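Structural features, examined
What follows is each chain in one-letter form.
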Amino acid sequence: MSLLDVLQRMFGSVALGIRDVFVGAVKAYKMEGEIIHVTPAKKTPERISELARRRAERDRHKEPKETSSISKMGIRYRILRSWLWNGGVCLLSLLLFYNLLLPCLAWMFDAAASSDDDHIWNQLVFVLGFVFQSCWVMPLLSLSRLVNLLWFQDIADAAYIKLRGKPQLPSFSLIIADLAFGFILQMFFSIQTTLFSIVPVARLGEIIALFHMGVQYGLYAFEYKWFNMGIEPHVRVHVVENNWPYYLGFGLPLALLTSCFTSYGVRYFVSALLYPVLIVSANETEEPKQPFIFSLKIYGPAIYLSNGLLRTMSKVRSFFKTRSDREISVVSD
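Before going into details, it helps to say that this report is about the structure given with it.

Quick notes on the rules
Residues numbered from 1 in each chain as written. Predicted model: local features only at pLDDT ≥ 70, side-chain atom pairs only at ≥ 80, totals over all residues. Heavy atoms only, no water. Phe/Tyr/Trp six-rings, centres within 6.5 Å; stacked < 30°, edge-to-face > 60°. Buried < 20%, exposed > 50% of the residue type's maximum accessible area, 1.4 Å probe, protein only. Lys NZ or Arg CZ within 6 Å of the ring centre and 35° of its normal. Salt bridge = Lys/Arg side-chain N within 4 Å of Asp/Glu carboxyl O. Helix = DSSP H or I, 4+ residues; strand = E, 2+ residues; numbered from the N terminus. Axes fitted to C-alpha atoms, helices over the stretch in contact; angles between N-to-C directions. Parallel < 35°, antiparallel > 145°, perpendicular 65-115°, else oblique. Left-handed = near helix turned anticlockwise from the far one by under 90°. Contact = heavy atoms within 4.5 Å. Patch = residues over 30% accessible without salt bridge, like charges linked within 9 Å, V, L, I, M, F, W, Y side chains within 5 Å. Areas by Shrake-Rupley, 256 points an atom, 1.4 Å probe, with all protein chains shown as cover. Core = buried A, V, L, I, M, F, W, Y, C linked by side-chain atoms within 4.5 Å. Arc of directions from axis to C-beta.

On to the packing of aromatic side chains. Overall, the coordinates contain 19 aromatic pairs when judged by the stated rule. Taken together, a centroid distance of 5.3 Å and an interplanar angle of 85° make the contact between tyrosine 246 and tyrosine 247 edge-to-face. Like tyrosine 247, tyrosine 246 is buried. The rings of Phe222, Trp226, Tyr246, Tyr247 and Phe250 are connected pair by pair, giving a single aromatic cluster. One residue, arginine 145, lies across the ring of tyrosine 268, its end atom 4.8 Å from the ring centre.

And the structure:
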């Protein structure tokens, strides 16, 4: 296979991933109105008692009320709730502070000051920014991470149930292990992305970091569906590495959008604003089963460090457990 064929197939997979983001979102939006109004299957026995007939009549009257309550908690409602919080409260507060409040204060300072003292204004901006970051942005980020963790899972579960049925969840201990490994893997992969972003070559570091972010957003979007399907974390990463152009394309629109902002808080809330759309699209989309020509072990360093950290933590825990058991044995003797 020539280099031209490889590039053609790679860009085709990237374009397919980008297309599936929007096509999946549109299909899920249309499907919301179709699947919500589910009516129970009618039973047609040959003989039916008078009591059963009355019960069926009573349930028929209750049917619109149940449909209404289901529609209120549909996927659209869950996404709208997330948008109101991440966009209407969090992101809007940051934009108002930096684009409205500070310019207004600068105008009033210039009007009241007898001389154009930039030094005093710079100090005032620094103090205001520090207070705003400490008293509002950091607590808001911490709270939003917890809220989004719960709401994103809720959106993913609702989309999965409507499209695929009951999730195949593992045991509680495996869920905790899955979350722990996923958190550690994301942490090391983010560090890996940051290190590549500071490569001292013009634009090369930015391109590599954008590539990492696209693949990472692609994994994040499909991870909820694969979790509900009972697929283990290392298998998910293996799937992404085997078909990396498609998942790069799936996460590339969000990666390009968030890269336009320098503020970490704004980037986070912009990604949180649009991330539910990716989750629903990933549940609607059937990702390609045919792997790419070659695998790209982009998560290799992060997986190696994650496994090393988990092994170290396991050894430390078993060491203290053994030591505690010995102390208890000595005391009992």
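Scanning all chains against the criterion turns up 8 salt bridges. The partner of aspartate 154 in a salt bridge is arginine 81, with the nearest N and O atoms 3.1 Å apart. Here the residue aspartate 154 occupies a position in helix α4 (residues 118-164), and arginine 81 occupies one in helix α3 (residues 75-112), the gap between them amounting to 73 residues. A relative accessible area of 23% places aspartate 154 in the partly exposed class. According to the relative accessible area criterion, arginine 81 is partly exposed, its value standing at 21%. Glutamate 241 is the partner of lysine 297 in a salt bridge, and the nearest nitrogen-oxygen pair spans 3.8 Å. Residue lysine 297 is located in the loop between α9 (264-284) and α10 (300-332), and its partner glutamate 241 is located in helix α7 (residues 233-242); the two are separated by 56 residues in the primary sequence. Through salt bridges with shared partners, one network takes in Arg78, Arg81 and Asp154.

Before going further, it helps to examine the packing of helix α6 (residues 204-228) against α7. With their axes 10 Å apart at the nearest point, α6 and α7 run at an angle of 135° to one another. Judged on the interaxial angle alone, α7 and α6 are oblique. Crossing handedness for the pair α6 and α7: right-handed. Contacts between α6 and α7 involve Val215, Leu219, Glu223, Trp226 and Phe227 from the first element and Arg236, Val239 and Val240 from the second.

Right, let's talk about the side chain of glutamate 241 for a bit. By relative accessible area, glutamate 241 is classed as buried at 5%. Those residues in contact with glutamate 241 that lie beyond four places of it in its chain are Ser295, Leu296, Lys297, Ile298, Tyr299 and Gly300.

With that settled, consider a nonpolar patch on the surface. Taken together, Phe183, Met187, Ile191, Leu195, Ile198, Leu309 and Met313 make up a surface patch of nonpolar side chains, about 690 Å² in accessible area. Put simply, the parts of the chain that give the nonpolar patch at least two residues each are α5 (172-197) and α10. The dominant element in the nonpolar patch, judged by the number of residues it contributes, is α5, at 4 residues. In this fold, methionine 187 is placed in helix α5. Among the residues examined, methionine 187 registers a relative accessible area of 35% and is labelled partly exposed.

Ranked by size, the top nonpolar core spans 41 residues in total, and within it Phe152, Phe222, Phe250, Tyr275, Leu278 and Tyr299 carry the most contacts. Contacts of tyrosine 275, omitting those with residues within four sequence positions, involve Phe152, Tyr220, Ala221, Tyr224 and Leu254.

So, about the environment of glycine 205. Inspection of the secondary structure puts glycine 205 in helix α6. With 12 residues separating them in the primary sequence, glycine 205 and threonine 193 have C-alpha atoms 9.2 Å apart. Leave out the neighbours within four places in its chain, and glycine 205 touches Phe196, Ser197 and Val199.

What follows deals with α7. For α7, the complete set of buried residues consists of Pro233, Arg236, Val237, Val240 and Glu241. Considered in projection along α7, the buried side chains sweep an arc of 135° and stay on one side of the axis.

Structurally, leucine 296 is set in the loop between α9 and α10. Since its relative accessible area comes to 27%, leucine 296 is described here as partly exposed. Between the alpha carbons of leucine 296 and asparagine 243 there is a distance of 8.3 Å; along the sequence they are 53 residues apart. Not counting chain neighbours up to four residues away, the residues in contact with leucine 296 comprise Phe211, Glu241 and Trp244.

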